[in-house]
Amino acid sequence: MDRGTTAVVTGSTNGIGEAIARQLAAAEVDVVLVGRDRGRLDAAQERIRTAVPGARLRGELADLALLSEVRALADRLRDTRIDILISNAAVVADLTDHTSEGVQRTLATNHLAPYLLLRTLGENLAAAGQSARLVVVGASPTALRSIPVHLDDLGFENARAHGFPPSFRPFVAYGRTKNMNAMFVYSLAEQLAGTGITVNGAHPGIIRHTGLGRDSARGLLRAFGWSQWVNPLLPGPDAGADTPVWLATSPEVNGVTGRFFVRRKDVLTAAHTTDPDRRARLWEESANLTGLPVRS
Ligand SMILES: NC(=O)c1ccc[n+]([C@@H]2O[C@H](COP(=O)([O-])OP(=O)(O)OC[C@H]3O[C@@H](n4cnc5c(N)ncnc54)[C@H](OP(=O)(O)O)[C@@H]3O)[C@@H](O)[C@H]2O)c1
């Protein structure tokens, strides 16, 4: 990459996000790591500097579950010349886990944070006539086909609507937010069409040795599902970083926008994620929840 290229990567204190930050640093990109804990942010930078001597890194502290902190982060980054913005942070939280701002934590972290951050910074960069690539790390379009977003219940109030046994429900809710990611990618790409800003989604693959779901795996999921994350046959975080980093840096995807990729291949996601009326509804509800105008 050209020296002076700057990337912002959320959720870069662990797992796939840290691998994304490391791979970008190895490609001589200046990387702004976003994390919610100063100690983990410093430790991740230390690990990356050990792997990539001379890496140019900066840490930004923000709890992305809190809209106030996402807003403050967007303000702090407003004057940074961002070329790459990768939304990767995600959690699997209990349905009843609400933040101090009263928002269900999975919805807040996985959907509202990228909606607020990427919309604000994307529109800002477009208005300044800059070009940039925005990438949202989603999840498997195949696995998500059967769990459409419930547009009347974005905050997972109706627990029973998230299936049985109850120990699966945090993962179903997580899956719904990952469908929100795809819907948001298509809508933001439409909003920014004709500017220098591209927006694409990526499924990283099923990746072992990450922290996702560690806190919420209970019951059947602890017995069976959790083993998936530590299965030695699954690829590690560097493989998960491959498609997001390729989308962020490769000349092969110059100008490509509003698409979703798995293993560097453009794939179709479920019709319930592409439907224009459903996307418009999610966009509007998300604007209301984040305090942004529906149209800027
Ligand atoms: N692993 C897989 O098999 C898989 C499959 C499909 C999709 N994905 C997607 O890949 C992405 C990365 O997941 P991962 O598996 O690498 O999980 P991970 O190891 O748990 O990493 C998640 C990252 O998000 C950060 N994060 C969580 N909540 C945050 C908050 N409130 N504020 C700021 N940062 C926060 C975590 O920070 P802390 O270090 O502070 O916890 C961590 O750095 C996610 O979008 C996930 O949906 C993963």
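In this text, all values refer to a predicted model and were calculated from it rather than measured experimentally.

About the thresholds
Residues numbered from 1 in each chain as written. Predicted model: local features only at pLDDT ≥ 70, side-chain atom pairs only at ≥ 80, totals over all residues. Helix = DSSP H or I, 4+ residues; strand = E, 2+ residues; numbered from the N terminus. Rg over C-alpha atoms; globule rule 2.2 N^0.38 Å. Buried ≥ 20, exposed ≤ 12 C-beta atoms within 10 Å, placed from the backbone. Axes fitted to C-alpha atoms, helices over the stretch in contact; angles between N-to-C directions. Left-handed = near helix turned anticlockwise from the far one by under 90°. Contact = placed C-beta atoms within 7 Å. Nonpolar A, V, L, I, M, F, W, Y, C, P; charged D, E, K, R; others polar. Expected span 1.5 Å × (residues − 1). Arc of directions from axis to C-beta. Pairing = 2+ DSSP bridges. Right-handed = clockwise from strand over helix to strand, strands pointing away. Core = buried A, V, L, I, M, F, W, Y, C linked by C-beta atoms within 7 Å. Near = placed C-beta within 6 Å.

Participant: Would you mind showing me how to read the overall build of the chain here?
Facilitator: Counting its regular elements, the chain contains 10 helices and 8 strands. Relative to the compact-globule value of 19 Å for 296 residues, the chain shows a C-alpha radius of gyration of 18 Å, a close match. The principal-axis extents of the C-alpha atoms in the chain amount to approximately 50 × 45 × 40 Å. For the chain, the proportion of its 296 residues judged to be buried stands at 47%.

Participant: What should I look at first to understand the packing of helix α1 (residues 15-26) against helix α8 (residues 237-249) in this one?
Facilitator: A packed helix pair is summarised by two numbers, namely the angle formed by the two axes and the spacing between the axes. Orientation of α1 relative to α8, taken along the N-to-C sense of each, is 65 degrees, at an axis distance of 8 Å. Relative to α8, the crossing made by α1 is right-handed. Of α8, the residues touching α1 (which contributes G15, I16, E18, A19, I20, Q23 and L24) are P237, D238, G240, A241, P244 and V245. Across the contact of α1 with α8, the residue classes tally to 8 nonpolar, 3 polar and 2 charged.

Participant: Whenever I open this one, helix α10 (residues 276-290) confuses me. Can you help?
Facilitator: Each full turn of the α-helix corresponds to 3.6 residues, which orients residues three or four apart in the same direction. A rise of 1.5 Å per residue sets the reference length of α10, with its 15 residues, at 21 Å; its end C-alpha atoms lie 21 Å apart and thus fit the reference within 8%. Every buried residue of α10 is accounted for by R279, L282, W283, S286 and T290. End-on, the buried residues of α10 take up no more than an arc of 100 degrees, which puts them together on one face. More than 90 degrees from the buried face of α10, the exposed residues found are D277 and N288. Lining the buried residues of α10 we find α3 (67-77), α4 (105-127) and α6 (169-191). Immediately beyond the C-terminal end of α10, within one or two residues, lies G291, with a positive phi of roughly 80 degrees.

Participant: In this structure, what is going on with the pairing of strand β3 (residues 57-61)? I would like to understand it.
Facilitator: In this structure, strand β2 (residues 30-35) lies alongside β3, joined through 5 bridges in parallel fashion. Among the inter-strand pairings, G35 is bridged to a residue of β3, identified as L61. You can see the chain leave β2, run along helix α2 (residues 38-51) and come back into β3, and the turn it takes is right-handed.

Participant: How should I be thinking about the nonpolar core in this particular structure?
Facilitator: With 77 residues, the main nonpolar core has A7 and V31 as its most contacted residues. The leading source of residues in this core is α6, at 11 residues. Ignoring sequence-local partners within four residues, the contact set of V31 consists of A7, V9, A21, L24, A25 and L57.

Participant: What exactly am I supposed to notice about the site of the ligand here?
Facilitator: Every one of the 27 residues lining the ligand counts as a neighbour, but G11, G15, A90, T210 and G211 are closest to it. It is α1 that provides the largest number of residues to the shell around the ligand, a total of 3 residues. A class-by-class count of the residues in the shell around the ligand yields 12 nonpolar, 10 polar and 5 charged.

Participant: I tried to follow α1 on my own but got confused; where do I start?
Facilitator: For α1, built from 12 residues, the straight-helix expectation of 16 Å at 1.5 Å per residue is met to within 8% by its first-to-last C-alpha distance of 17 Å. Within α1 the residues assigned to the buried category are G15, I16, G17, E18, A19, I20, A21, R22, Q23, L24 and A25. Trailing α1 by a residue or two, E28 shows a phi angle of about 65 degrees, which is positive.

Participant: So what exactly am I meant to see when it comes to unusual backbone geometry here?
Facilitator: Most peptide bonds are trans, and most residues other than glycine sit at a negative phi. Residues F164 and P165 are joined by a peptide bond in cis, for which omega reads -5 degrees. Here P165 lies in the loop between α5 (141-144) and α6. Backbone geometry at F156 places phi at a positive 60 degrees, although glycine is not the residue there. Within the secondary structure, F156 sits in the loop between α5 and α6.

Participant: Is there a simple way to think about the environment of P148 in this case?
Facilitator: In this structure, P148 sits in the loop between α5 and α6. Judged by the 17 C-beta atoms lying within 10 Å of it, P148 is partly exposed. C-alpha separation for the pair P148 and M180, spaced 32 residues apart in sequence, amounts to 8.7 Å. The contact partners of P148, leaving out residues within four places of it in the chain, are N179 and H272.

Participant: Any chance you could explain the sheet that holds strand β4 (residues 84-87) here in plain terms?
Facilitator: Where strands meet in a sheet, backbone hydrogen bonds hold them as pairs that are either parallel or antiparallel. Overall, mixed pairing links the 8 strands, which are arranged β3-β2-β1-β4-β5-β6-β7-β8 in an open sheet. Two strands bound the open sheet, and with one partner strand each, they are β3 and β8 (265-267). Strand-to-strand, the axes of this sheet are offset by a mean angle of 25 degrees, without reference to chain direction. Of the pairings in the sheet, the one linking strand β5 (residues 131-137) to strand β6 (residues 196-203) comprises 7 bridges and is parallel in character. Looking at β6, one finds that V137 is bridged to A202. Strand contacts of α1: β1 (6-10), β2, β3, β4 and β5, with the helix running at about 170 degrees to β1, the strand carrying the most contacts. Lying on the sheet, α8 is in contact with β1, β4, β5, β6 and β7 (259-262); it crosses β5 at an angle near 165 degrees.

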